[in-house]
Amino acid sequence: MNDLQLFLPCAAGVEDLLADEVHQLTGLTGHDLLSGRGGVVVRTSWREALRLNLYSRLAQRVLVQLSHTPYSSESDLYEAASAVTWEHWFTPQQSFKIEITAQHSPLKSLNFAALRIKDAVVDRFRHRRGERPSVETALPDARIFAHLTREQLTLYIDTSGEPLFKRGWRIDKGDAPLKETLAAAMIAASGWADAGAPALPLYDPCCGSGTLPIEAAQIACGIAPGRQRRFGFEKLLPYAPHVWQGLLQEAQALEHPPAAPVFGSDVAHRMVDFAQRNAERAGVSHAVQLRGGDALQRMPPSPVAGLMLLNPPSGERIAAAGVAGQARAHFVPGQRAAARSAQPREHREQVHSSDGSDFFLQLSAHWKKNFAGWTAWMLTPDLQLPARMRLKESRRVPLWNGPIECRLFRFDLVAGSVRRKPPSP
């Protein structure tokens, strides 16, 4: 257990940020820490696998690689899974589940491939222990992940259980909430929490149920993101409770008063109430100030210029966004952003523009007038948003929000005005 190969999957665009985070947590470099497509490969110990579950804000899971073999048919999958010592990880009295993904696999049915791997696991237990574990699809004790490429099968056992973005504190939430891992990626890309960076105020003027400011407040207080949840490794055979309790005590000892002020506001007071309750559960109600108010009217929450970080409203969120929502001409009631995301990008951007042009134009004017000296970072799938806001981005970072390709734009705000274009004939 002192020489394990781990794979930490993450959202597309986050790989290098995750590699930096793992380096900061473990000190690993070189061949022990490799960044690849869709995640990071780490060679380390079982104890470090537990630490990564506890501290990583960017990884989706922590998987232990158990097998990596070539295949050409379902029979090869059975043989490969039969050779893995599953009895070292869980018992016949426990349940398990097979999760399978593929990339350019020649096999016709992933369901049948998963069935053959399941049969191999069950048969191995039956031959060696005289009894077999049961399959449980909802809440299994052990999760086995299989990934197929064109020629290779890789088998993992999961140590995380529920995905790591489920921190355990977000119970109250609105429509289409931002995942905590994506919020953490936005914070990491902005450099706000970098070692040696000045302790600047952070403000989210469209905070919704509070994901961004709460994640930032936990970072400012040194609170480990996994301290309030349970993990899959607690049901695996290598788990030693005293080791885990020691890690939790170390994490608690690292907590401190907030190193920087964090603010959030939202036009919907109901969402502010949600955010406040979430902040209390996350242990940061003392470290984040949450207020109601229109993003087009709220003044800077701090006399010191800082950093704004937001996932701006779209679709129905713009309809409730306050002042600008009253002036839009082409809003279609009931059309959600999730529905538009399935449309081609050209049509999606056109709908987004007609929905929110007034809002974003007024927002940029408000920022230029009242937030000079601040830096604004905005995550959006609309690649034309800077032009429509009459702002020039100083940086753009590709990030993916699930299946949706986005950009995190940086704007360095200076005093000025935004002139309206003459109406089209």
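Below, the structure is looked at part by part.

Calculation notes
Sequence order sets the numbering: in each chain, residues are counted from 1 along the sequence as written. Totals for whole chains, interfaces and linings use every residue, but because this is a predicted model, local features are given only for residues with pLDDT of at least 70 and side-chain atom pairs only at 80 or more, for both listing and counting. The side-chain quantities take in all heavy atoms of the structure and omit both hydrogens and water. Working definition: helices are DSSP H or I runs of at least four residues, strands are E runs of at least two. Numbering for both runs from the N terminus. When a residue's accessible area, from a 1.4 Å probe over protein chains only, is under 20% of the maximum for its type it is buried; when over 50% it is exposed; and in between it is partly exposed. Between any two strands, at least two bridges found by DSSP are needed for them to pair. Any pair of Phe, Tyr and Trp rings, taking the six-membered ring for Trp, is counted once the centres come within 6.5 Å. Such a pair is stacked with planes under 30 degrees apart, edge-to-face with planes over 60 apart, and tilted for the rest. Axes here refer to lines fitted to C-alpha atoms; in helices the fit is confined to the stretch in contact. Angles between the N-to-C directions go from 0 to 180 degrees. Oblique is the label for every angle not falling under 35 degrees (roughly parallel), over 145 degrees (roughly antiparallel), or within 65 to 115 degrees (roughly perpendicular). What makes a crossing left-handed is the near helix being turned counterclockwise from the far one by less than a right angle; a clockwise turn instead makes it right-handed. Should any heavy atoms of two residues lie within 4.5 Å, those residues are considered in contact. Residues are grouped as follows: nonpolar covers Ala, Val, Leu, Ile, Met, Phe, Trp, Tyr, Cys and Pro; charged covers Asp, Glu, Lys and Arg; every other residue, Gly included, is treated as polar.

Regarding the side chain of Asp204
And then number 1: Looking at where Asp204 falls in the secondary structure, it is placed in strand β9 (residues 202–204).
And then number 2: According to the relative accessible area criterion, Asp204 is buried, its value standing at 2%.

A look at the pairing of strand β12 (residues 307–310)
And then number 1: Going residue by residue along β12, you find Leu307 and Leu309 tucked away on one face and Met308 and Leu310 tucked away on the opposite face as well.
And then number 2: Sheet topology places β9 next to β12; two bridges connect them, and they run parallel. Along β12, the bridge assignment pairs Leu202 with Leu307.
And then number 3: Relative to strand β13 (residues 375–380), β12 runs parallel, the two being bridged by four bridges. Residue pairing across strands places Leu309 opposite Trp377, the latter belonging to β13.

Digging into helix α5 (residues 180–190)
And then number 1: The buried count for α5 comes to 10 of 11 residues, which makes it a mostly enclosed element.
And then number 2: Taken as a whole, α5 has its buried residues at Glu180, Thr181, Leu182, Ala183, Ala184, Ala185, Met186, Ile187, Ala189 and Ser190.
And then number 3: Positive phi appears at Gly191, one or two residues downstream of α5, with a value of about 80 degrees.

Regarding the packing of aromatic side chains
Aromatic ring pairs are reported here in terms of the distance separating the ring centres and the angle at which the planes meet.
And then number 1: The tally for this structure, following the rule as stated, stands at 12 aromatic pairs.
And then number 2: An aromatic cluster is defined as three or more aromatic residues linked by ring pairs; in this entry it consists of Phe231, Phe233, Tyr239 and Trp244.

Overview of the pairing of strand β1 (residues 4–9)
And then number 1: Counted residue by residue, β1 has five buried out of six residues, so it is predominantly covered.
And then number 2: In this structure, β1 lies alongside strand β3 (residues 39–44), joined through six bridges in antiparallel fashion. Residue pairing for β3: Pro9 is matched across the bridge by Gly39.
And then number 3: Strand direction decides the pairing type here: β1 and strand β4 (residues 63–70), joined by two bridges, are antiparallel. What sits directly across from Leu6, in β4, is Val64.

Notes on the packing of helix α1 (residues 15–26) against helix α2 (residues 46–55)
And then number 1: Close contact between α1 and α2 brings their axes to 11 Å; oriented N to C, the two are set at 120 degrees. In this view, α1 runs oblique relative to α2, as classed from their interaxial angle. When you trace α1 past α2, the crossing you get is right-handed. Contacts between α1 and α2 involve Glu21, Val22, Leu25 and Thr26 from the former and Glu48, Arg51, Leu52 and Tyr55 from the latter.
And then number 2: In the contact of α1 with α2, the residues fall into four nonpolar, one polar and three charged.

A short note on the sheet that holds strand β10 (residues 262–266)
And then number 1: Taken in spatial order, the seven strands make up an open sheet running β11-β10-β9-β12-β13-β15-β14, and their pairing is mixed. At either end of the open sheet lies a strand with only one pairing partner, and these are β11 (288–292) and β14 (395–401). This sheet shows a mean twist of 20 degrees between the axes of neighbouring strands, independent of strand direction.
And then number 2: Seen against the sheet, α5 touches β12, β13, β14 and β15 (404–412) and runs at an angle of roughly 165 degrees to β14.
And then number 3: Helix-sheet contacts for helix α8 (residues 269–282) involve β10 and β11, and the interaxial angle to β11 is about 165 degrees.

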